[in-house]
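# Reading the structure
Here are the chains, one letter per residue:
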Amino acid sequence: MTDVPVTDVPVIDVLVVDDQQLIRNAVGELVTHEPDMRLAGTAVNGVEAVRKAKELKPHVVVMDVRMPVMDGIEATGIITQDSADSPQPGTRVLILTTFEDDPDYVVRGVRSGAAGFVGKGAEPEVIVAAIRTVHRGEGLLTPRATKTLLDRYAGSTAPAQLHLELEALTAREVDILRLVAEGLTNQVIAERLGISVVTVKTHINRTMSKLGRHDRAQLVVLAFETGLVTPRYR
């Protein structure tokens, strides 16, 4: 169990979605033992996940990818769109998957609105930290998922329209977008640029608004697609 004072962090309601009972039980157990988290419920497929997300309004949905009836990618798109259209948006999706090396799953997941990816083989403390990260509104791509994106877009040429989108950004916003895509936190970005964390958040929010992206992870994909960030390794 991670030692987090209840008074310092709001309780995070979590919905766990997986067709394997073993995974549902294991993640649910992790959540219930965290002082700042509460298990809102579980679901066995995407259809049930969408229904329960509407009913329970969890802060975070921990979502499997491959499931019967409706997969996690499609369910993620519906849940995040419902959240965006809600008077009180806020439900974020963390994909818990064994497919971090599959570029199609990673790209489709991010484009569907997933706020982050974490592997099913991750240590318990990594999973609960990931839940907190996406709840804070920060995107989370594991090193393996990030490498998958890097490899996917290595040497690719982005459509002209994507480059035109970047022209709407100020020079400072482009700098911050590049740093976000490199996986830096708001705190590290602030320290590197000599500005406050609040200013970093303001620039990121403006960038998402200008580019029509609602999530840091989607900004990362755009940065790779346009070549703003280029692979350093294969």
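In this report, the structure presented in the accompanying data block is examined. All values derive from a computational prediction rather than experimental measurement.

### Details of the overall build of the protein
Helices and strands together make up the secondary structure of the protein, namely 11 helices and 6 strands. With 234 residues in all, the protein has 49% of them scored as buried. The long-range fraction of contacts in the protein, counting pairs at least 24 apart against all pairs at least 6 apart in sequence, stands at 68%. For the protein, the exposed surface amounts to about 11,300 Å²; the carbon and sulfur share of it is 52%.

### What about the packing of helix 9 (residues 186-193) against helix 10 (residues 197-211)?
The N-to-C vectors of helix 9 and helix 10 enclose an angle of 105 degrees; their axes lie 8 Å apart at closest approach. As far as their axial angle goes, helix 10 and helix 9 are roughly perpendicular. Along its contact with helix 9, which presents Asn186, Gln187, Ile189 and Ala190, the element helix 10 presents Val197, Val200, Lys201 and Ile204.

### Digging into the packing of helix 10 against helix 11 (residues 216-226)
Where helix 10 contacts helix 11, the two axes come as close as 11 Å, and the packing angle between them is 65 degrees. When the axis of helix 10 is compared with that of helix 11, the two are roughly perpendicular. Crossing of helix 10 against helix 11: the hand is left-handed. Contact residues: Ile204, Thr207, Met208 and Leu211 in helix 10; Arg216, Leu219 and Leu222 in helix 11. Tallied by class, residues from the contact of helix 10 with helix 11 come to 5 nonpolar, 1 polar and 1 charged.

### Here's the deal with the pairing of strand 2 (residues 37-43)
Note that strand 1 (residues 12-17) and strand 2 share 6 bridges and pair parallel. Residue pairing in the sheet places Val14 in a bridge with Leu39 of strand 2. As for the winding sense of the linkage, the β-α-β connection from strand 1 through helix 1 (residues 21-32) to strand 2 is right-handed.

### Describing helix 5 (residues 124-135)
Along its 12 residues, helix 5 runs 17 Å from first to last C-alpha, staying within 8% of the 16 Å computed at 1.5 Å per residue. All of the buried residues in helix 5 are Ile127, Val128, Ala130, Ile131, Arg132, Thr133 and Val134. Backbone geometry just downstream of helix 5 places Gly137 in the positive-phi region, at approximately 95 degrees.

### What about helix 11?
By the criterion of burial, helix 11 is predominantly enclosed, with 11 of the 11 residues buried. Turning to helix 11, its buried residues number three or more, namely Arg216, Ala217, Gln218, Leu219, Val220, Val221, Leu222, Ala223, Phe224, Glu225 and Thr226. Of the residues trailing helix 11, Gly227 is marked for its positive phi of about 80 degrees.

### Looking at the pairing of strand 5 (residues 116-119)
What you see with strand 5 is no split at all: Gly116 and Val118 on one side and Phe117 and Gly119 on the other are buried throughout. Judged from the 4 bridges that link them, strand 4 (residues 92-97) and strand 5 form a sheet pairing that is parallel. The residue of strand 5 that forms the bridge with Ile95 is Phe117.

### Quick notes on unusual backbone geometry
If you check the backbone angles, Lys57 has positive phi at about 50 degrees while not being a glycine. Looking at where Lys57 falls in the secondary structure, it is placed in the loop between helix 2 (46-56) and strand 3 (60-63). Under the relative-accessibility criterion, Lys57 is labelled exposed at 59%.

Reading the values: rules and limits
Residues numbered from 1 in each chain as written. Predicted model: local features only at pLDDT ≥ 70, side-chain atom pairs only at ≥ 80, totals over all residues. Heavy atoms only, no water. Helix = DSSP H or I, 4+ residues; strand = E, 2+ residues; numbered from the N terminus. Buried < 20%, exposed > 50% of the residue type's maximum accessible area, 1.4 Å probe, protein only. Contact = heavy atoms within 4.5 Å. Areas by Shrake-Rupley, 256 points an atom, 1.4 Å probe, with all protein chains shown as cover. Axes fitted to C-alpha atoms, helices over the stretch in contact; angles between N-to-C directions. Parallel < 35°, antiparallel > 145°, perpendicular 65-115°, else oblique. Left-handed = near helix turned anticlockwise from the far one by under 90°. Nonpolar A, V, L, I, M, F, W, Y, C, P; charged D, E, K, R; others polar. Pairing = 2+ DSSP bridges. Right-handed = clockwise from strand over helix to strand, strands pointing away. Expected span 1.5 Å × (residues − 1).

By themselves these figures say nothing about function.
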